Amino acid sequence: MEKMKIKMLYADIKSDIEIIENELEQALNSSSHLLNDASIHLLQAGGKRIRPVFTLLSAKFGDYNIERMKNIAVPLELIHMGSLVHDDVIDDSDMRRGRETVKAQWNNRVAMYTGNFIFARALEYVTSIENPRAHQILAKTMVELVNGEVIQIEDKFRLDQNLKDYFRRIKRKTALLIESSCELGAVVSGADEKTVRHLKRYGYFVGMSFQIVDDILDFTATDKQLGKPAGSDLMQGNVTLPILLMKDNPLLAPYLAKVSTTGLTEQERQNMLALVRNSDAIKEATKISNLYLKKALKEVEALPNHPMKKKLRDIALFMGKRKS
Amino acid sequence: MSATSIIQSVQTLQSNILQHVHHRALLQNVGQPTLQEEQLFFIQLPFLNGAAMTDDHKVSAVTVGIVHASLLEHEKVLEVDATSKEQQLIVLSGDYYSGRYYQLLAQSGNIRLIQKLSKGIVDRCEHQIRIYETETRSVEQWVHSLTVIESALISQYYDVYGYNAYTELMENTLTFIRLKKEYGLIQDTKQGFLYRALALADNPTVLESTMERLHGQLITRKQRALEVLKQSHIHDDLKHSIEQYITL
């Protein structure tokens, strides 16, 4: 159902997304059959390809040319893919999108080489773009992405963190790459500065909302929908928005104490999920996500008239209401 | 070019690299990146031998060192359990260094070096991962993989600036150093990249003949490096430093 909705949303740029998909396949082609196997494994796991979509849609506000735009859209998706491969090592995740992760199917070192290979391919690819500003934006994004991950590790099991800490973390972890996808689409296509600014801010707000929804879904979706056990974030020590909003609830305290020490049994996980699902924290978190969405939509309004404005609006709304 | 100034030049590059990848949390938890002296020496070699060093060269030299550090960091990730905070941050330190090299080159507008170093990383990953592939490869093929792993990045860097005259010397010297280390690891601890690649634990009967072949490779690399060195126009002090790297 969700996949169908996404396909409908991408309908206007369907053929260009297919070009991106083929390019991704070619970019990951290697003389090593193990790297090929790992890459095919990742490509087959699919993904929403939201970063290339945002890049292409943003580029429509400038001088759109898919042959040029693929040189930025493909690297953005590759960087996202490479960071997921390394993230699975960090999080010790065996499953992603219902499939075994590279580190689970092979081992951590294979995952490290695969991730490095993908990052390098991304940069090889992006060098077809000569605009120095584009490289500076992408490079800064890559560094900040890692900074976000470092902060996430430092904040693990830290219950004394506040909402500001959380927002700072998700900005770097997720919002920045979506922000940059929009900004780079606009910059590379030569859109005017005002448009670049609005698209950049749109990407940031959508990215923030996207991550908050992700953090909500980690509690509210089923294991099957998530392709991994619900509540995984908390069990790995990642204190996300729903937990921050209800951390003072005395009924949650024993679970929080166990998560950082012995871990939760299956029954305890189910009980903890039920507690979070039935709390006001989910409603509160959804409200905050919607506030970001509203801000994103306001940025769309400020963009010059273009048929793609509606697309940007629809995608933002879809991202904010998705179920998996 | 005296021995002291060679050491100073390598140390300067080292401290420049450390300065550019400084990160409080990473430093606190995983320490400083690993920088191999011989790699830094070869990054500097053309300039130590008289080539004029511009600001662009200085940045480039730092970035080659950073990429090396990044990939070496990921060699520290354990195959099975990387769940400790230190291991998690080792993964991220490699990624951070990798982002920093790109950032530095993006700031200086050196797109060509970004492309060439990326190509070097791809080549290196393709050879590093072979250890997990099932094909049987010869001693010579594995030694070639070591050559790529040790020299691909500097080779690409030389290529960008037209210093290809140093490539063969660099490749043979760096392969010799790595091979000597691997030889020692097999002999002393029955460990290392080659011990595993050649499946010596499963085939103890071929250990002796393999060691002979590896020794043969060491001699070949040394001889080739000495031949290239003899024909080159490298200053005597630099020649002496390289000779010290290739002692058996």
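Residues numbered from 1 in each chain as written. Chains lettered and ligands numbered in written order. Predicted model: local features only at pLDDT ≥ 70, side-chain atom pairs only at ≥ 80, totals over all residues. Heavy atoms only, no water.

**Re the overall build of chain B**
Along the backbone of chain B there are 11 helices and zero strands. In chain B, the order of α-helices and β-strands from amino to carboxyl end is α-α-α-α-α-α-α-α-α-α-α. In terms of overall dimensions, chain B is globule-like: its C-alpha atoms have a radius of gyration of 18 Å, near the 18 Å expected for 248 residues. Each principal axis of the C-alpha distribution contributes one length, and for chain B these read about 55 × 50 × 30 Å. Across the 248 residues of chain B, 58% fall into the buried class. Nonlocal contacts in chain B, meaning residues at least 24 apart in sequence, comprise 74% of its contacts between residues at least 6 apart. (Helix = DSSP H or I, 4+ residues; strand = E, 2+ residues; numbered from the N terminus. Rg over C-alpha atoms; globule rule 2.2 N^0.38 Å. Buried < 20%, exposed > 50% of the residue type's maximum accessible area, 1.4 Å probe, protein only. Contact = heavy atoms within 4.5 Å.)

**Some thoughts on the interface of chain A and chain B**
At the junction of the two partners, chain A supplies 41 residues and chain B supplies 43 residues. Roughly 3,900 Å² of surface becomes buried between chain A and chain B when both sides are summed, with 66% attributable to carbon and sulfur atoms. For the pair chain A and chain B, the number of links is two salt bridges. Linking Arg24(B) and Glu154(A) is a salt bridge whose minimum nitrogen-to-oxygen distance equals 3.4 Å. Across the chain A-chain B interface, the total number found is 19 residue pairs in polar contact (both at pLDDT 80 or more). Listing elements by their share of the side of chain A that touches chain B, those giving two or more residues are α3 (33-44), α5 (66-90), α7 (108-126) and α8 (132-154) of chain A. For the side of chain A that touches chain B, the leading source of residues is α7(A), giving 14 residues. Each residue belonging to the side of chain A that touches chain B can be placed in one class, and the counts come to 20 nonpolar, 13 polar and eight charged. (Buried area = accessible area lost by both parts, 1.4 Å probe. Salt bridge = Lys/Arg side-chain N within 4 Å of Asp/Glu carboxyl O. Polar contact = N/O pair within 3.5 Å; in protein donor to acceptor, adjacent residues only side chain to side chain. Nonpolar A, V, L, I, M, F, W, Y, C, P; charged D, E, K, R; others polar.)

**A few points about the UniProt feature "coiled-coil region" (unreviewed entry) in chain A**
The sites that carry the UniProt feature "coiled-coil region" (unreviewed entry) are, in the present numbering, residues 10-37 of chain A. In residues 10-37 of chain A, helix accounts for 68% and strand for 0%; the two terminal C-alpha atoms are 28 Å from one another. (UniProt positions renumbered as here; feature names shortened; annotations may be inferred.)

**Looking at the packing of α5(A) against α7(A)**
Helix-helix packing: each pair is described by the crossing angle between the helix axes and the interaxial distance. Residue and element names in this part refer to chain A. The N-to-C vectors of α5 and α7 enclose an angle of 165°; their axes lie 8 Å apart at closest approach. Between α5 and α7, the interaxial angle falls into the category roughly antiparallel. When you trace α5 past α7, the crossing you get is left-handed. Broken down by class, the residue content of the contact of α5 with α7 amounts to 15 nonpolar, eight polar and two charged. (Axes fitted to C-alpha atoms, helices over the stretch in contact; angles between N-to-C directions. Parallel < 35°, antiparallel > 145°, perpendicular 65-115°, else oblique. Left-handed = near helix turned anticlockwise from the far one by under 90°.)

**Here's the deal with the nonpolar core**
Ile212(A), Phe41(B), Phe42(B), Leu45(B) and Tyr157(B) are the most contacted members of the largest nonpolar core, which has 199 residues in total. In contact with Phe42(B), other than residues within four places in its own chain, are Ile154(B), Tyr158(B), Leu169(B), Met170(B), Thr173(B), Leu174(B) and Ile242(B). (Core = buried A, V, L, I, M, F, W, Y, C linked by side-chain atoms within 4.5 Å.)

**Thoughts on the packing of helix α4 (residues 55-74) of chain B against helix α5 (residues 85-108) of chain B**
Residues and elements named next belong to chain B. Packing of α4 against α5 brings their axes to within 8 Å, and their N-to-C directions diverge by 160°. Between α4 and α5, the interaxial angle falls into the category roughly antiparallel. Considering only the axes of α4 and α5, their crossing is left-handed. Across from Val59, Val62, Thr63, Ile66, Val67, Ala69, Ser70, Glu73 and His74 in α4, the residues of α5 making contact are Ile90, Val91, Ser93, Gly94, Asp95, Tyr97, Ser98, Tyr101, Leu104, Leu105 and Ser108. Among the residues making up the contact of α4 with α5, the classes are represented as 11 nonpolar, seven polar and two charged.

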